[in-house]
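# Per-entry structural report
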Amino acid sequence: MRKLTGIVVHCSATPQGKHFDVSDIDAWHKARGWGVTVNGKRYSVGYHYIILLDGTIQEGRPIEKTGAHVKGHNTGTVGICYIGGVSNDGKQTPKDTRTAAQKIALAKLIRELKVMHPTIQWVKGHRDFPNVAKACPCFNASAEYMYLMDRDPVAAKGHAKIDIKPMLQQPAKPCKPSKPSFWEAVFAVIAKVFGGGK
């Protein structure tokens, strides 16, 4: 297994509410000539995980293989893509279109990846890299998920290994968070003060 140091969040840049899945992205990336073969199966999709509108997490390229999602920054990273990212106004206007289920699934997946790979130290959006002229993923992933990197999720979970497989292909179910983290509480207050919380 390759050493992982970071997670990169992407959007598919598809219209809000329109269904796409890993097979669509695989076809788009195949047209670009991307791909790796693992155990006789060809994976063109450059992302490791895709999060559908209902929160279902689909596997893309096997995580042990380097992705194709941020030019010059694929080594040591995991690429996660949520379906959506532009408004359905016909103008491809960048927009955080994540459904509630996608937000839950994304946070759970990032947390579980951190547990499985404690060498992961950061989460960034595609737009946070040098020479990237995109709004992707259309929200501030670094700020939103910083709290997942600030603590030791292994200790918090009580065990060192976790099986991510049950999360795959299962729609995310809303869950009541225990106590909000420090950063979640700070962002909640900011959202109330400025009236923009989603």
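The rules we used
- Residues numbered from 1 in each chain as written.
- Predicted model: local features only at pLDDT ≥ 70, side-chain atom pairs only at ≥ 80, totals over all residues.
- Heavy atoms only, no water.
- Phe/Tyr/Trp six-rings, centres within 6.5 Å; stacked < 30°, edge-to-face > 60°.
- Helix = DSSP H or I, 4+ residues; strand = E, 2+ residues; numbered from the N terminus.
- Buried < 20%, exposed > 50% of the residue type's maximum accessible area, 1.4 Å probe, protein only.
- Lys NZ or Arg CZ within 6 Å of the ring centre and 35° of its normal.
- Axes fitted to C-alpha atoms, helices over the stretch in contact; angles between N-to-C directions.
- Parallel < 35°, antiparallel > 145°, perpendicular 65-115°, else oblique.
- Left-handed = near helix turned anticlockwise from the far one by under 90°.
- Contact = heavy atoms within 4.5 Å.
- Nonpolar A, V, L, I, M, F, W, Y, C, P; charged D, E, K, R; others polar.

Let's shift gears to the packing of aromatic side chains. One pass over the structure, following the stated rule, counts four aromatic pairs. Aromatic side chains Tyr 82 and Phe 139 sit 6.2 Å apart centroid to centroid with 50 degrees between the ring planes, which places their arrangement in the tilted category. Of this pair, Tyr 82 sits in strand β7 (residues 77-82) while Phe 139 sits in the loop between β9 (122-125) and α3 (141-149), and the two are 57 residues apart along the sequence. Taken as a pair, Tyr 82 and Phe 139 share a single burial class, namely buried. Ring pairing ties together the aromatic residues Tyr 82, Phe 139 and Tyr 145, which thus form one cluster. The residue whose ring lies beneath Lys 124 is Trp 122, and the NZ or CZ to ring-centre distance is 5.0 Å.

Packing of helix α2 (residues 100-116) against α3 leaves a shortest axis separation of 10 Å and a crossing angle of 40 degrees. Here α2 is positioned oblique relative to α3, judged by the angle of their axes. Seen along the crossing, α2 lies across α3 with a hand that is right-handed. Along its contact with α2, which presents Lys 103, Leu 106, Ala 107, Ile 110, Arg 111 and Lys 114, the element α3 presents Tyr 145, Tyr 147, Leu 148 and Met 149. Classifying every residue of the contact of α2 with α3 by side-chain character gives seven nonpolar, no polar and three charged.

Don't take any of this as a statement about function, it's just geometry.
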